[in-house]
Amino acid sequence: MPHGFDSYRIFISAPGDLEADRQACYDVIASVNDATAMAAKILLVSIGLRDNEQISDSRSIVSDNVRWSAFFIQVFADDWGPRDLFRKLFLLAAECRDDSSMPMREVVVCLKDAPQETNPEILAFRRELEERKDLRVFHYASLDELRLHLAEVCQGWARAIIDAGIGSPTMGT
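Per chain, residue numbering runs from 1 following the sequence as it is written. Residue-level local features of this predicted model are given only where pLDDT is at least 70; pairs of side-chain atoms are given and counted only at 80 or more, and the full residue set underlies all totals for whole chains, interfaces and linings. Computation of side-chain values covers all heavy atoms of the structure but excludes hydrogens and water.

> Which parts of the structure should I look at to understand helix α5 (residues 120-131)?
Count 3.6 residues to each turn of an α-helix, and residues three or four apart come out pointing the same way. In this model, α5 (twelve residues) spans 16 Å end to end at C-alpha, consistent with the 16 Å of a helix rising 1.5 Å per residue. With a 1.4 Å probe rolled over the protein chains alone, any residue whose accessible area is under 20% of its type maximum counts as buried; one over 50% counts as exposed, and the rest are partly exposed. Helix and strand definitions follow DSSP, with helices as H or I runs of at least four residues and strands as E runs of at least two, each counted in order from the N terminus. Along α5, the residues that are buried comprise I122, F125, R126 and L129. Each buried residue of α5 sits inside an arc of 105° when the element is viewed along its axis, so together they form one side. Of the residues in α5, the exposed ones pointing more than 90 degrees away from the buried face are P120 and E131. Contacts between residues were defined by any pair of non-hydrogen atoms, one from each residue, lying within 4.5 Å. Residues of α5 that are buried sit in contact with β3 (71-76), α4 (85-97), β4 (106-112) and β5 (136-140). Multiply 1.5 Å by the residue count of a helix minus one, and that product is the helix's expected span. The directions from the helix axis to the C-beta atoms form the arc being described.

The structure is reproduced here in structure tokens:
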């Protein structure tokens, strides 16, 4: 049954022990839908994995979900999950964003503070993420900080879609 909403997928990548952080992303997106997007017949649809093992078992399906997404949120602290597959998803998202034939519009990195981290490989990749000029990176220490940053990002996405005239009530899908 047609629902009259234009939907925009947001893939949430949060490897390791970041379940609470992942849930905070879902909660913020739902809040932005309620406060801003749905009134304009837009739906920000959060997708991602419920657990790390899904990435190994269904890699091509997961990659397709990234390819079909309009936005990508990478939450990172110190673990890229099984066989670094979440890193590969992140790089795929950046590649999709750079391909004008793909729907990906933006990749955002939420870098959780890890003051006790000593692994040189992890520290080097954190630096690499921080130094990238082609995406937004923000640091957070608490779930409240994460929610605050993501609310601003997701509100911006919803506003940009609304301002572009996409998702107006006369354009339903």
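Back to the text.
> Looking at this structure, I do not really get the pattern of salt bridges. What am I missing?
Oppositely charged side chains may form a pair once their charged atoms are brought near each other. Salt bridges, as used here, are contacts in which a Lys or Arg side-chain nitrogen is within 4 Å of a carboxyl oxygen on Asp or Glu. Counting across every chain of the model gives nine salt bridges. The partner of K112 in a salt bridge is D21, with the nearest N and O atoms 3.4 Å apart. One end of the pair, K112, is in strand β4; the other, D21, is in helix α1 (residues 19-37), with 91 residues separating them in the sequence. When its relative accessible area of 23% is taken as the criterion, K112 is described as partly exposed.

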